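The chain contents come next:
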Protein chains: 2
Amino acid sequence: MSFKLEEKKLTSTLIFDGKVVHLYKDTVELPNGQSAIREIVRHPGAVAVIPLTEEGDVIFVKQYRYPFSTVLTEIPAGKLDSSEEEHISAALRELREETGVSCEKLTYIGDLYPSVAILDEVIHMYCAQGLSYGECSPDDDEFLNVVRIPLDKAVDMVLSGEIRDSKTQVAILKTKILKENGKL
Amino acid sequence: MSFKLEEKKLTSTLIFDGKVVHLYKDTVELPNGQSAIREIVRHPGAVAVIPLTEEGDVIFVKQYRYPFSTVLTEIPAGKLDSSEEEHISAALRELREETGVSCEKLTYIGDLYPSVAILDEVIHMYCAQGLSYGECSPDDDEFLNVVRIPLDKAVDMVLSGEIRDSKTQVAILKTKILKENGKL
């Protein structure tokens with residue numbers, strides 16, 4: 001048996017229009033005709049890049065993440081300046097700014113919807129290869145340390161729970177499989 | 001060279017105290033002594049369960065996701081009723097409510113931080129095995145269709161971009177590797 005699933009927007013109220021977070025409180029009509037409230041955060045979207053060296057290492061950034069009051073190990077990433085910003089140029093920019101790395105080859109490895117019930121953010125993910133190294137130039141309010149970890153060790157860190165960020169977990173596991181399948 | 005990364009909370013203002021979304025606008029002191037604004041969504045946390053049959057199939061739910069105006073294929077999941085709610089009982093409840101499935105064995109497969117810059121949500125993930133089947137009993141505002149897909153096909157759907165939800169991507173790829181390694 002298969003049910004009708006669609007919800008219809010009835011009203012939408014902007015609660016907070018911030019720098020990154022744009023919060024709406026909407027009412028919707030459910031498939032059974034009743035109404036419900038949907039609290040959703042609209043976000044311009046983001047790009048993330050897993051930089052893979054010829055030796056099979058991954059270049060990560062360690063960054064303090066205020067929501068968790070801790071430093072997390074992540075792949076380079078950043079939000080789009082606007083929802084029209086071209087994804088590839090944003091990916092190359094974030095990679096260069098956060099790690100100082102440029103690349104010869106950028107392969108799209110899929111999109112990620114981080115938190116589907118409340119957040120419309122989409123993270124567009126790429127693998128960078130053919131790397132060359134320069135100076136970092138992070139944003140004024142961004143403080144990062146760059147670390148290099150073998151891909152197989154990174155897979156172990158995902159499995160052991162040491163790497164917890166969603167885009168980083170997905171990019172590592174996808175890259176491992178794509179590399180084994182000769183797709184990277 | 002390694003930089004100090006920690007940020008110190010200076011002020012915190014509650015902007016919106018919703019049913020799921022609790023939005024704060026905080027000011028922090030950066031490692032260089034300057035201040036910055038952090039817009040963060042606090043969330044009670046969630047559990048997600050990948051139900052794996054003896055035949056190697058995964059049981060998914062298809063659900064309309066309002067932020068994306070589309071139906072997504074996901075593993076069963078739900079938010080914690082409070083941040084003190086016991087994770088295992090929440091996982092068993094969500095599995096039963098959304099799919100009608102009970103299980104003999106529940107294996108913890110790691111945590112996920114969906115969107116680390118703006119959201120403090122943690123998704124605690126489990127693999128369910130030894131499944132038995134009963135009736136679904138979703139929440140009043142929840143409309144779901146249950147589908148069964150072989151794990152290997154699900155891996156392909158992650159790689160091809162057909163499965164986009166972060167917890168679902170991670171749970172499928174981890175389960176594939178853990179199963180191959182004899183850990184599930």
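Keep in mind it's a predicted model, so treat the numbers as computed, not measured.

Quick word on the overall build of chain A
In step 1: Counting secondary structure elements, chain A contains three helices and ten strands.
In step 2: The order of helices and strands in chain A, counted from the N terminus, is β-β-β-β-β-β-β-α-β-β-β-α-α.
In step 3: Overall size of chain A, expressed as C-alpha extent along the three principal axes, is 60 × 45 × 30 Å.
In step 4: Split into buried and exposed, the 184 residues of chain A put 57% on the buried side.
In step 5: Sequence separation of at least 24 residues holds for 56% of the intrachain contacts in chain A that already meet a minimum separation of 6.
In step 6: Here chain A displays about 8000 Å² of accessible surface, and carbon together with sulfur accounts for 47% of that area.

Description of the relation of the copies chain A and chain B
One copy of the chain maps onto the second through a rotation around an axis plus a translation along that axis.
In step 1: Relative to chain B, chain A is turned by 180° and slid 0.0 Å along the rotation axis, the superposed coordinates differing by an RMSD of 0.0 Å. Between the two chains, the operation in question is that of a two-fold axis. Ranked by how close their C-alpha atoms come to the rotation axis, the residues of chain A are headed by Pro-114 of chain A, at 2.4 Å.

Examining the packing of helix H2 (residues 151–160) of chain A against helix H3 (residues 166–180) of chain B
In step 1: H3 of chain B packs onto H2 of chain A with a crossing angle of 105° between their chain directions and a minimal axis gap of 11 Å. Of the possible angle classes, the one that applies to H2 of chain A and H3 of chain B is roughly perpendicular. Across the interface between the two elements, Val-155, Val-158 and Leu-159 of chain A from H2 of chain A touch Lys-174, Ile-177 and Leu-178 of chain B from H3 of chain B.
In step 2: Counted by class, the contact of H2 of chain A with H3 of chain B contains five nonpolar, no polar and one charged residues.

Remarks on the sheet that holds strand S5 (residues 57–65) of chain B
Residues and elements named next belong to chain B.
In step 1: The three strands lie next to each other as S6-S5-S10, forming an open sheet whose pairing is antiparallel. At either margin of the open sheet sits one strand with a lone partner, and together these are strand S6 (70–74) and strand S10 (144–150). With strand direction ignored, the average angle separating the axes of adjacent strands in the sheet is 30°.
In step 2: Summarising the sheet, S5 and S10 pair through seven bridges and their orientation is antiparallel. Across the sheet, Lys-62 pairs through a bridge with Asn-145, a residue of S10.
In step 3: The sheet strands contacting helix H2 (residues 151–159) are S5 and S10, and the helix crosses S10 at an angle near 105°.

Quick look at the confidence of the model for chain A
Close reading of the predicted structure is inappropriate where its pLDDT is low.
In step 1: In the predicted model, chain A carries a mean pLDDT of 95, and the fraction of residues at 70 or more is 99%.
In step 2: Scored as a whole, the predicted complex attains pTM 0.96, and scored at its interfaces, ipTM 0.96.

Digging into the pattern of salt bridges
In step 1: In the structure shown here, the tally under the stated rule is 23 salt bridges over all chains.
In step 2: The salt bridge partner of Arg-38 of chain A is Glu-7 of chain A, with a shortest N-O separation of 2.8 Å. In this pair, Arg-38 of chain A sits in strand S3 (residues 35–42) while Glu-7 of chain A sits in the segment before strand S1 (8–17), placing the two residues 31 residues apart along the sequence.
In step 3: Exposure remark for Arg-38 of chain A: the relative accessible area of 15% places this residue in the buried category.
In step 4: The shortest N-O distance in the salt bridge between Arg-93 of chain B and Glu-85 of chain B comes to 2.3 Å. The burial state of Arg-93 of chain B is the same as that of Glu-85 of chain B; both residues are buried.
In step 5: Three or more residues are tied together by salt bridges with common partners; here these are Arg-65, Glu-74, Asp-165 and Lys-167 of chain A.

Brief notes about the nonpolar core
In step 1: With 54 residues, the main nonpolar core has Ile-172 of chain A together with Ile-172 of chain B as its most contacted residues.
In step 2: Setting aside anything within four residues of it in sequence, one finds Ile-172 of chain A in contact with Ile-50, Phe-60, Leu-151, Ala-154, Val-155, Val-158 and Ile-163 of chain A.
In step 3: In terms of nonpolar packing, the next biggest core, distinct from the first, is built from 14 residues, Val-20 of chain A together with Val-21, Val-41 and Ile-118 of chain B among them.

Comments concerning the sheet that holds strand S1 (residues 8–17) of chain B
Residue and element names in this part refer to chain B.
In step 1: With antiparallel pairing, the three strands of this open sheet are ordered in space as S1-S2-S3. Each edge of the open sheet is held by one strand with a lone partner, namely S1 and strand S3 (35–42). Here the average twist between neighbouring strands, direction ignored, is 20°.
In step 2: Of the strand pairs in this sheet, strand S2 (residues 22–29) and S3 are connected by eight bridges, and their pairing is antiparallel. What sits directly across from Tyr-24, in S3, is Ile-40.

The rules behind each value
Residues numbered from 1 in each chain as written. Chains lettered and ligands numbered in written order. Predicted model: local features only at pLDDT ≥ 70, side-chain atom pairs only at ≥ 80, totals over all residues. Heavy atoms only, no water. Helix = DSSP H or I, 4+ residues; strand = E, 2+ residues; numbered from the N terminus. Buried < 20%, exposed > 50% of the residue type's maximum accessible area, 1.4 Å probe, protein only. Contact = heavy atoms within 4.5 Å. Areas by Shrake-Rupley, 256 points an atom, 1.4 Å probe, with all protein chains shown as cover. Least-squares fit on C-alpha atoms with pLDDT ≥ 70 in both. Axes fitted to C-alpha atoms, helices over the stretch in contact; angles between N-to-C directions. Parallel < 35°, antiparallel > 145°, perpendicular 65-115°, else oblique. Nonpolar A, V, L, I, M, F, W, Y, C, P; charged D, E, K, R; others polar. Pairing = 2+ DSSP bridges. pLDDT = per-residue confidence, 0-100. Salt bridge = Lys/Arg side-chain N within 4 Å of Asp/Glu carboxyl O. Core = buried A, V, L, I, M, F, W, Y, C linked by side-chain atoms within 4.5 Å.

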